[in-house]
Amino acid sequence: PIGDRYCTPGIPNSTGCPAALRARGSVTLALRDVRLEASSPPQGSAGYFLTSRAQGVVFPVDNSQGRFCLGGSVGRYVGPGQVQNSGSSGAFGIALDLAAMPTPTGPTVALPGSTRRFQAWNRDANPTSTSNVTDALSVTFQ
């Protein structure tokens, strides 16, 4: 595992447990090996990952049960193949393209010494349609 967790634990979802975010791989940019994994969202829920350079905390969040832990400009991993479904495993994940980190104004390159923060969003029904997020991670690249 890589990164430092914060905003933990997340707010419980309709399963009664909070979803959690983990990053695996290497902080060494030249290796291009970072994978984000969200565990314990409800089975069969849609989800995607978010990133920003700044940390923040917003709670409560309108139309959500979660605690939003990113600040500043937030990018969403919603390109082809990036929106996931937790399926029967209750988990989803993606490999990051470190040369195309999303921002609201377009993709940017992760640079040595830069810190990115990550969180995963997912659809939930608790008891009606809402959303939730995982805890968050801070990763400083080398």
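A. Structural view of the sheet that holds strand β2 (residues 20-25). Ordered in space as β2-β3-β7, the three strands form an open sheet in which the pairing is antiparallel. The open sheet has two edge strands with one neighbour each: β2 and β7 (91-95). With direction set aside, neighbouring strand axes in the sheet form an average angle of 20°. Two strands pair when backbone bridges link them, and β2 and strand β3 (residues 34-39) are joined in this way by six bridges, in the antiparallel orientation.

B. How the structure looks around the pattern of salt bridges. Under the definition given, this model contains three salt bridges. The partner of Glu37 in a salt bridge is Arg24, and the shortest N-O contact between them spans 3.1 Å. Pair noted here: Glu37 is in strand β3 and Arg24 is in strand β2, with a separation of 13 residues, a long-range link. Residue classification places Glu37 among the partly exposed positions, given a relative accessible area of 26%. The class of Arg24 is partly exposed, set by a relative accessible area of 36%. In this structure, Glu37 and Arg35 form a salt bridge, with 3.6 Å as the shortest nitrogen-oxygen distance. The network of salt bridges with common partners includes Arg24, Arg35 and Glu37.

Conventions adopted
- Residues numbered from 1 in each chain as written.
- Predicted model: local features only at pLDDT ≥ 70, side-chain atom pairs only at ≥ 80, totals over all residues.
- Heavy atoms only, no water.
- Pairing = 2+ DSSP bridges.
- Helix = DSSP H or I, 4+ residues; strand = E, 2+ residues; numbered from the N terminus.
- Axes fitted to C-alpha atoms, helices over the stretch in contact; angles between N-to-C directions.
- Salt bridge = Lys/Arg side-chain N within 4 Å of Asp/Glu carboxyl O.
- Buried < 20%, exposed > 50% of the residue type's maximum accessible area, 1.4 Å probe, protein only.

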